[in-house]
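Results of the structural survey
Listed below are the residues making up each chain.
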Amino acid sequence: MRHRRLLGAGVLGVGLLLGAVGCTNHVVHRERGFDAYRAQDWTGAEEEFRTAVEKKPSDFRSQYYLGATLLKQGRATAAQVPLEQALQLRQDDPQWRPRIADLLAETYFQQERYEALYGFLDDQIATYSQQSIDFTRKAKYLGLLGDADGQKTALQKAAFFAAADDAEPYLAIAEFYLSVNDFENAVQALRFGYYVDPENERVADMLRGLGKVPGPTLAEAPPKPELLD
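This report concerns the structure included in the present document. Because the structure is a prediction, the values reported are computed rather than measured.

A few points about the overall build of the protein chain
- Along the backbone of the protein chain there are 12 helices and zero strands.
- Of the regular secondary structure in the protein chain, the N- to C-terminal order runs α-α-α-α-α-α-α-α-α-α-α-α.
- Across the protein chain, the fraction of contacts at a sequence separation of at least 24, relative to all contacts at a separation of at least 6, is 53%.
- Surface exposure of the protein chain reaches about 13300 Å², of which carbon and sulfur atoms provide 52%.

What follows is the structure in structure tokens.
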């Protein structure tokens, strides 16, 4: 009798183990997707993230990385759907919303859906109370589409709405001036960036690349003029 009980317990344990192995949840597939993504195995990553999404559509991370993986493969049309889902799930998340919006904008750009792109960029600005990062995103695509004046205006607004310690708009402004060989204004933008965030390594590296030694005397407080429509 004791032998039968032990045998029954062993069979039950094996059955539970096999059940656990055969029934992986979305988190397991998402982690496998991360491993494949880091290894630049886009096919494997797509398979794992897609399975994770099928198991739990509300898993925004899997939706986001499925979209990112599809973009890595040049499949912008396919990437749009999971990124739209991810944005809907995290539209009020100050950390994830901008990251998702960046990739979603890229899907429109790669599809050459420029009207949709412009509408999306402006909608993000209007919906989220004119945040600096949304103006920086708009400036990027205006520049790519050849609208230098619009790009410059968007960058000025990005700086205007930036947090007191946010150097990103000034880095973007410096890159804009470098693209048109205006080194004087590029340095000026970096001086503003150095003032707001003296620990920013990108600012320091760009200054050094332009022959300037980062230090307290180089920092200059950026102006905050009124914006004109």
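Now that the structure has been shown, the text picks up again.
A closer look at the packing of aromatic side chains
- Scanning the entire structure with this criterion turns up 15 aromatic pairs.
- Between Y37 and Y65 the ring centres are 5.5 Å apart and the planes differ by 80 degrees, which places this aromatic pair in the edge-to-face class. Note that Y37 is positioned in helix α2 (residues 26-38) and Y65 in helix α4 (residues 60-72), a separation of 28 residues in sequence.
- An angle of 80 degrees between the planes, with centres 5.1 Å apart, marks the rings of F60 and W96 as edge-to-face. On the criterion of sequence distance, the pair formed by F60 in helix α4 and W96 in helix α6 (residues 96-110) is long-range, its members being 36 residues apart.
- Ring-pair connections join several aromatic residues into one group, and the members of that group are F34, Y37, W42, F49, F60, Y64, Y65 and W96.
- Over the face of the ring belonging to F60 we find R90, whose NZ or CZ atom lies 4.3 Å from the ring centre.

Section: helix α5 (residues 76-89)
- With 14 residues, α5 extends 20 Å between its outermost C-alpha atoms, agreeing within 8% with the 20 Å of an ideal straight helix rising 1.5 Å per residue.
- For α5, the elements touching its buried residues are α4, α6 and α7 (114-127).

Details of the environment of T217
- Within the fold, T217 resides in the segment after α12 (201-209).
- Given a relative accessible area of 76%, T217 falls into the exposed group.
- Residues T217 and R191, spaced 26 residues apart in sequence, show a C-alpha to C-alpha distance of 9.5 Å.

Points about the pattern of salt bridges
- Within this structure, the stated rule accounts for 13 salt bridges.
- R97 is paired through a salt bridge with D134; the nearest N and O atoms lie 2.7 Å apart. Separated by 37 residues along the polypeptide, R97 in helix α6 and D134 in helix α8 (residues 132-144) bring together distant segments of the chain.
- Assessed through its relative accessible area of 2%, R97 is described here as buried.
- Accessibility expressed as a relative area gives 0% for D134, which makes it buried.
- Among the ionic contacts, a cluster of salt bridges with common partners joins R97, D102, D134 and R137.

Let's talk about α8
- Counted at 1.5 Å a residue, the expected span for α8 with its 13 residues is 18 Å, and the 19 Å between its end C-alpha atoms agrees.
- What α8 keeps buried is the set S132, D134, F135, R137, A139, Y141 and L142.
- Check the buried side of α8 and you find it contacts α6, α7, α9 (148-160) and α10 (168-179).
- Count one or two residues on from α8 and you reach G146, which has phi positive near 85 degrees.

Considering the packing of α5 against α6
- Viewed as axis vectors pointing N to C, α5 and α6 meet at an angle of 155 degrees, and their least axial separation amounts to 9 Å. It follows that α5 is roughly antiparallel to α6 by the angle criterion. Crossing angle aside, the handedness with which α5 passes α6 is left-handed. Listed contacts from α6 to A76, A79, Q80, L83, E84, A86 and L87 of α5 are R97, I100, L103, L104, T107, Y108 and Q110.
- Split by residue class, the contact of α5 with α6 holds nine nonpolar, three polar and two charged.

Criteria and cut-off values
- Residues numbered from 1 in each chain as written.
- Predicted model: local features only at pLDDT ≥ 70, side-chain atom pairs only at ≥ 80, totals over all residues.
- Heavy atoms only, no water.
- Helix = DSSP H or I, 4+ residues; strand = E, 2+ residues; numbered from the N terminus.
- Contact = heavy atoms within 4.5 Å.
- Areas by Shrake-Rupley, 256 points an atom, 1.4 Å probe, with all protein chains shown as cover.
- Phe/Tyr/Trp six-rings, centres within 6.5 Å; stacked < 30°, edge-to-face > 60°.
- Lys NZ or Arg CZ within 6 Å of the ring centre and 35° of its normal.
- Expected span 1.5 Å × (residues − 1).
- Buried < 20%, exposed > 50% of the residue type's maximum accessible area, 1.4 Å probe, protein only.
- Salt bridge = Lys/Arg side-chain N within 4 Å of Asp/Glu carboxyl O.
- Axes fitted to C-alpha atoms, helices over the stretch in contact; angles between N-to-C directions.
- Parallel < 35°, antiparallel > 145°, perpendicular 65-115°, else oblique.
- Left-handed = near helix turned anticlockwise from the far one by under 90°.
- Nonpolar A, V, L, I, M, F, W, Y, C, P; charged D, E, K, R; others polar.

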